[in-house]
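In case you want the letters, here they are:
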Amino acid sequence: MHEWALAEAVTRTVEELVLSGRDVKSVEVVLGELQAVDEEVFRTALEELLSSLRAEKGISVESFTITREKALFRCNVCGSTWTLDEWSVGEEFREAIHFVPEVVHSHYSCPKCGSRDFEIVKGRGVQVRVR
Ligand SMILES: [Zn+2]
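In short, a report on the structure. Along each chain, residues carry numbers from 1 onward, in the same order as the chain's sequence is written. Under the rules for a predicted model, residues below a pLDDT of 70 receive no local features and side-chain atom pairs below 80 are neither given nor counted, while totals for whole chains, interfaces and linings still include all residues. Side-chain calculation: all heavy atoms of the structure are included, whereas hydrogens and water are not.

1. Comments concerning the overall build of the protein chain
Summing up its helical and strand segments, the protein chain has four helices and six strands in all. A run of H or I in DSSP counts as a helix once it spans at least four residues, and a run of E counts as a strand once it spans at least two, with each numbered from the N terminus. Ordered by position from the N terminus, the helices and strands of the protein chain form the series α-β-α-β-β-β-α-α-β-β. Just to be clear, the radius of gyration here is over C-alpha atoms, and the globule rule we use is 2.2 Å times residues to the power 0.38. Taken over the C-alpha trace, the protein chain has a radius of gyration of 18 Å; the compact-globule value for 131 residues is 14 Å, which it surpasses by more than 25%. Projecting the C-alpha coordinates of the protein chain onto the three principal axes gives extents of approximately 55 × 25 × 20 Å. Think of it in three bands: residues with accessible area under 20% of the maximum for their type are buried, residues over 50% are exposed, and the middle band is partly exposed, with areas taken using a 1.4 Å probe on protein chains only. Relative to its 131 residues, the protein chain shows a buried fraction of 37%. By definition, residues are in contact when any of their heavy atoms lie within 4.5 Å. Long-range pairs, those at least 24 residues apart, make up 71% of the contacts in the protein chain with a sequence separation of at least 6. Accessible surface area values rest on a Shrake-Rupley calculation with a 1.4 Å probe, where residue burial reflects the displayed protein chains alone. For the protein chain, the exposed area adds up to about 7,500 Å²; of that, 48% sits on carbon and sulfur atoms. His is not counted here, nor are the chain ends, while Lys and Arg score as positive and Asp and Glu score as negative. A charge is said to be at NZ when it belongs to Lys, at CZ for Arg, at CG for Asp and at CD for Glu. Separation between the mean location of the 16 positive side-chain charges and that of the 23 negative ones in the protein chain comes to 6 Å.

And the structure:
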């Protein structure tokens, strides 16, 4: 995903919340581990967009943080769960899931029982939490 487009989406969410009467003090953006986002580029983009939100619309947030959510997988056959760290799939898995997510199920399998019928429980997508 493009970092600037993502930062714009986050900024728009903040703006909409504030306009709808919500008091937004801090923003936490949770990026899934499997989400291809350059954190530094994203941080810079978000800083810049939030400061123009303040300059142009008078909407300011005190702070924002970026956290990464660890990926979690669950096997539909044996029920075991595992993280990316526990899985000896390496970099090529990350590449595959970024570019062709469908390929993941034909090339990777449950570390316990070997089934290819597993799901990605966590680690994809982006969430915005405000306080
Ligand atoms: Zn299994």
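2. Description of the sheet that holds strand β3 (residues 72-75)
Sheets are built from strands paired through backbone hydrogen bonds, the pairs being either parallel or antiparallel. A pair of strands counts as paired when DSSP detects no fewer than two bridges linking them. The strand order β4-β3-β5 describes an open sheet built from three strands, whose pairing is antiparallel. Where the open sheet ends on each side, the last strands, each with one partner, are β4 (81-83) and β5 (118-122). For this sheet, the mean inter-axis angle between neighbouring strands, taken without regard to orientation, is 30°. As judged from the four bridges shared by β3 and β5, these two strands associate in the antiparallel manner. Residue pairing in the sheet places Cys75 in a bridge with Phe118 of β5. For every element, the axis is a line fit to its C-alpha atoms; helices are fit only across the contacting stretch, and the angle between N-to-C directions ranges from 0 to 180 degrees.

3. Here's the deal with the pattern of salt bridges
Oppositely charged side chains can form a pair if their charged atoms are brought close together. The working definition used for a salt bridge is a side-chain nitrogen of Lys or Arg within 4 Å of a carboxyl oxygen of Asp or Glu. Counting across every chain of the model gives eight salt bridges. With its nearest N and O atoms 4.0 Å apart, the salt bridge here joins Arg131 to Glu28. Residue Arg131 is found in the segment after β6 (126-130), and its partner Glu28 is found in strand β1 (residues 26-32); the two are separated by 103 residues along the sequence. The class of Arg131 is exposed, set by a relative accessible area of 55%. A salt bridge links Lys70 to Glu33, with the nearest nitrogen and oxygen atoms 3.8 Å apart. Highlighted residues: Lys70 in the loop between β2 (63-69) and β3 and Glu33 in the loop between β1 and α2 (39-57), separated in sequence by 37 residues. Here the salt bridges share partners, and the residues they tie into one network are Glu28, Arg129 and Arg131.

4. Section: the nonpolar core
Judged by nonpolar contacts, the single largest core of 20 residues is most densely connected at Val27, Val29, Leu31, Phe42 and Leu46. Broken down by secondary-structure element, the contributors of at least two residues to this core are α1 (3-19), β1, α2 and β2. Sorting elements by how many residues they give to this core places α2 first, with six residues. Excluding residues that lie within four positions of it along the chain, Val27 makes contacts with Val10, Val14, Val61, Ser63, Phe64, Thr65, Val128, Arg129 and Val130. Membership of the second largest hydrophobic core comes to 16 residues, among which are Phe73, Cys75, Phe118 and Ile120. Residues belong to one nonpolar core when they are buried, are Ala, Val, Leu, Ile, Met, Phe, Trp, Tyr or Cys, and are joined through side-chain atoms within 4.5 Å.

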